[in-house]
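# Fold and contact review
Okay, here's what each chain looks like letter by letter:
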Amino acid sequence: MRLALLGCGTVGAEVVRLLHEQSTDLAARIGAPLEIAGIAVRRLGRDRGDLPVDPTIFTTDALGLIKRDDVDVVVEVVGGIEPARGWLVEALRAGKSVVTANKALLAEDGVALHEAAAEGGGDLYYEASVAGAIPLLRPLRESLHGDRINRVTGIVNGTTNFILSAMDATGAGFAEALEEATELGYAEADPTADVEGFDAAAKAAILASLAFHTRVGAADVHREGITEVTAADVASAKAMGCTIKLLCIAARAVDPAGRETVNVRVHPAMIPLTHPLASVGDAFNAVFVEAEAAGQLMFYGRGAGGAPTASAVLGDVVAVARNRLAGVRAASESAYADLPVRPMGEALTRYHVSLDVADRPGVLAAVAGVFARHEVSIATVRQGSAGSTGTPGRGDDAELVIVTHVAPDAALAATVRELRGLAIVRSVTSVLRVEGGL
């Protein structure tokens, strides 16, 4: 089996090393040796250290490498939409099998890749696109194929989990925790994709597509990042026996007309410390799956990094190589259910709202009236001391912390908008969703 490797950065270099170090075992598992036919890179002159590979196989002509007749499998670890999309479509249409870690491309245009795979008759595997080394996508696609999955809830971005874990452990603010994550190598120089939730949203789309046999793209995912989470939010969560995590949530739902739908979202949320995801700290990932027959399942491990991701890539390489030797291909995309994606405004959620209000009689009744007008039921109310969270020096302020019952997200958002306009409300200091049965 001869491989074309597209990209030789952190993950690509680890793929090369693992192929070299485990060559004998891999050949035994597959039934044939694996050889690297070529490696496509952006720059030929870059120092690649002691990478165990013949330097003459490097090329800048990725498309030419893909088109070679002696290439059986194309492994893509470049990332991004273009030119990766064109390369992989070309490979799949030519009947080659493809292994990719490209979550952004799969979420943006997975349809084109699956259609090209069906046209060419090759395999498309992408275990490494979500949660690094954690075996997750194949269980959803194969092991649980005979079950009905109702909900998938996960921590799928290590950078944001590290930041929120650091804020919880030390009381630091977002900026300080991000700086620490950058110094330790958990955050990129430009952390936007992570902290604004784009990375997690792409992964949520992939998980929902597999779990619910429905094509879900990145544009279908409601996305919010963690940049607005404050040290005060974390402290308030602690006071309630909770922690804050950036969650990806994909769930079946029934719309007002009685049709089955799916809701897919990424946002920070409070979860009780008793929830299995609450103890997932540092840069680890975990995904909690709820199925009708299998019940509750949790997948946990390192969700990023060169070696963990390369491990998932090689697992896929072994699978597609064995299929090619046997003259078979894996099951194609399963999107038969074709469930509509429910808008975020119709999703049933709960809110935790912190308010600075005037400390005088009638305020609580006025605030409760706003919730009632939008048909949002209040679960709990906690009042802090005067001036506890308001403008320094204002002794006529009080803090109200309100947790709601489940309601449509649009109704909750409208409630908060009206609260912001009340004269008795100095400020809405925090709005967070609540998950996990608090």
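Refer to the structure presented above.
The model shown is predicted, which means the values in this text are computed figures rather than measured ones.

### What to know about the packing of helix H1 (residues 10–21) against helix H12 (residues 306–326)
One way to put it is that H1 packs onto H12 with a least axis distance of 8 Å and a crossing angle of 60 degrees. By the angle class used here, H1 and H12 are oblique. The two elements H1 and H12 cross, and the hand of that crossing is right-handed. Contacts from Thr10, Val11, Glu14, Val15, Leu18 and Leu19 in H1 reach Gly306, Ala307, Thr309, Ala310, Ser311, Val313 and Leu314 in H12. Among the residues forming the contact of H1 with H12, the class breakdown is eight nonpolar, four polar and one charged.

### Focus: a negative patch on the surface
Among the surface-exposed residues, Glu176, Glu179, Glu180 and Glu183 lie close enough to one another that they form a single negatively charged patch. Inspection of the secondary structure puts Glu183 in helix H8 (residues 174–183). Glu183 sits in the exposed class, given a relative accessible area of 61%.

### Structural notes on the packing of aromatic side chains
The tally for this structure, following the rule as stated, stands at two aromatic pairs. Look at Phe162 and Tyr186: their rings are 4.6 Å apart centre to centre, the planes differ by 35 degrees, and that puts the pair in the tilted class. Of the two residues, Phe162 sits in helix H7 (residues 158–170) while Tyr186 sits in the loop between H8 and helix H9 (192–195), which places them 24 residues apart along the sequence. You can call Phe162 buried: its relative accessible area is 7%.

### Concerning the nonpolar core
Leu6, Val74, Leu136, Ile149, Ile163 and Leu207 are the most contacted members of the largest nonpolar core, which has 81 residues in total. Beyond its immediate sequence surroundings of up to four residues, Leu207 is in contact with Val130, Leu136, Leu137, Leu140, Val152, Val156 and Cys248. If you look at the next biggest cluster of nonpolar residues, it comprises 36 residues, including Val15, Leu18, Ile30 and Ile36.

### Quick notes on the side chain of Ser354
Tracing the chain through its elements places Ser354 in strand S13 (residues 348–358). Residue Ser354 is classed as buried on the basis of its relative accessible area of 5%. Discounting residues that sit within four places of it in the chain, Ser354 has contacts with Ser236, Leu400, Val401, Ser427, Val428, Thr429 and Ser430.

### Thoughts on the pattern of salt bridges
Where side chains of opposite charge bring their charged atoms close, a pairing between them can arise. Throughout the structure, instances matching the rule amount to 24 salt bridges. Arg17 serves as the salt-bridge partner of Asp50, at 3.8 Å between the closest nitrogen and oxygen. With Asp50 in the loop between strand S2 (35–40) and strand S3 (58–59) and Arg17 in helix H1, the pair connects residues that are 33 residues apart, well separated along the chain. Judged by its relative accessible area of 64%, Asp50 is exposed. One salt bridge in this structure joins Glu292 and Arg148, with 3.1 Å as the shortest N-O distance. Taken together, the residues Glu292 in the loop between strand S11 (284–291) and strand S12 (295–302) and Arg148 in the loop between helix H6 (137–143) and strand S7 (149–155) connect sequence positions 144 residues apart.

### Details of the state of the cysteines
Throughout the structure, instances matching the rule amount to zero disulfides. Here Cys242 is not disulfide-linked; the sulfur of Cys248 is the nearest cysteine sulfur, at 19 Å. By relative accessible area, Cys248 is classed as buried at 2%.

### A short note on the pairing of strand S1 (residues 2–6)
Counting buried positions along S1 yields four of five residues, so the element is predominantly enclosed. Strand direction decides the pairing type here: S1 and strand S4 (residues 73–76), joined by four bridges, are parallel. Across the sheet, Leu3 pairs through a bridge with Val73, a residue of S4.

### Regarding the pairing of strand S5 (residues 97–100)
Residues Ser97 and Val99 of S5 are buried on one face, and the alternating residues Val98 and Thr100, pointing to the opposite face, are buried as well. In the classification by handedness, the crossover that spans S4, the intervening helix H4 (residues 84–93) and the parallel S5 is right-handed. Direction of pairing for S5 relative to strand S6 (residues 124–125): parallel, over a ladder of two bridges. Bridge pairing in S6 links Val98 to Leu124. Each parallel crossover has a hand, and for S5 linked through helix H5 (residues 103–120) to S6 it is right-handed.

Rules behind the numbers
- Residues numbered from 1 in each chain as written.
- Predicted model: local features only at pLDDT ≥ 70, side-chain atom pairs only at ≥ 80, totals over all residues.
- Heavy atoms only, no water.
- Axes fitted to C-alpha atoms, helices over the stretch in contact; angles between N-to-C directions.
- Helix = DSSP H or I, 4+ residues; strand = E, 2+ residues; numbered from the N terminus.
- Parallel < 35°, antiparallel > 145°, perpendicular 65-115°, else oblique.
- Left-handed = near helix turned anticlockwise from the far one by under 90°.
- Contact = heavy atoms within 4.5 Å.
- Nonpolar A, V, L, I, M, F, W, Y, C, P; charged D, E, K, R; others polar.
- Patch = residues over 30% accessible without salt bridge, like charges linked within 9 Å, V, L, I, M, F, W, Y side chains within 5 Å.
- Areas by Shrake-Rupley, 256 points an atom, 1.4 Å probe, with all protein chains shown as cover.
- Salt bridge = Lys/Arg side-chain N within 4 Å of Asp/Glu carboxyl O.
- Lys, Arg positive; Asp, Glu negative; His and termini not counted.
- Charge placed at Lys NZ, Arg CZ, Asp CG, Glu CD.
- Buried < 20%, exposed > 50% of the residue type's maximum accessible area, 1.4 Å probe, protein only.
- Phe/Tyr/Trp six-rings, centres within 6.5 Å; stacked < 30°, edge-to-face > 60°.
- Core = buried A, V, L, I, M, F, W, Y, C linked by side-chain atoms within 4.5 Å.
- Disulfide = S-S within 2.5 Å.
- Pairing = 2+ DSSP bridges.
- Right-handed = clockwise from strand over helix to strand, strands pointing away.

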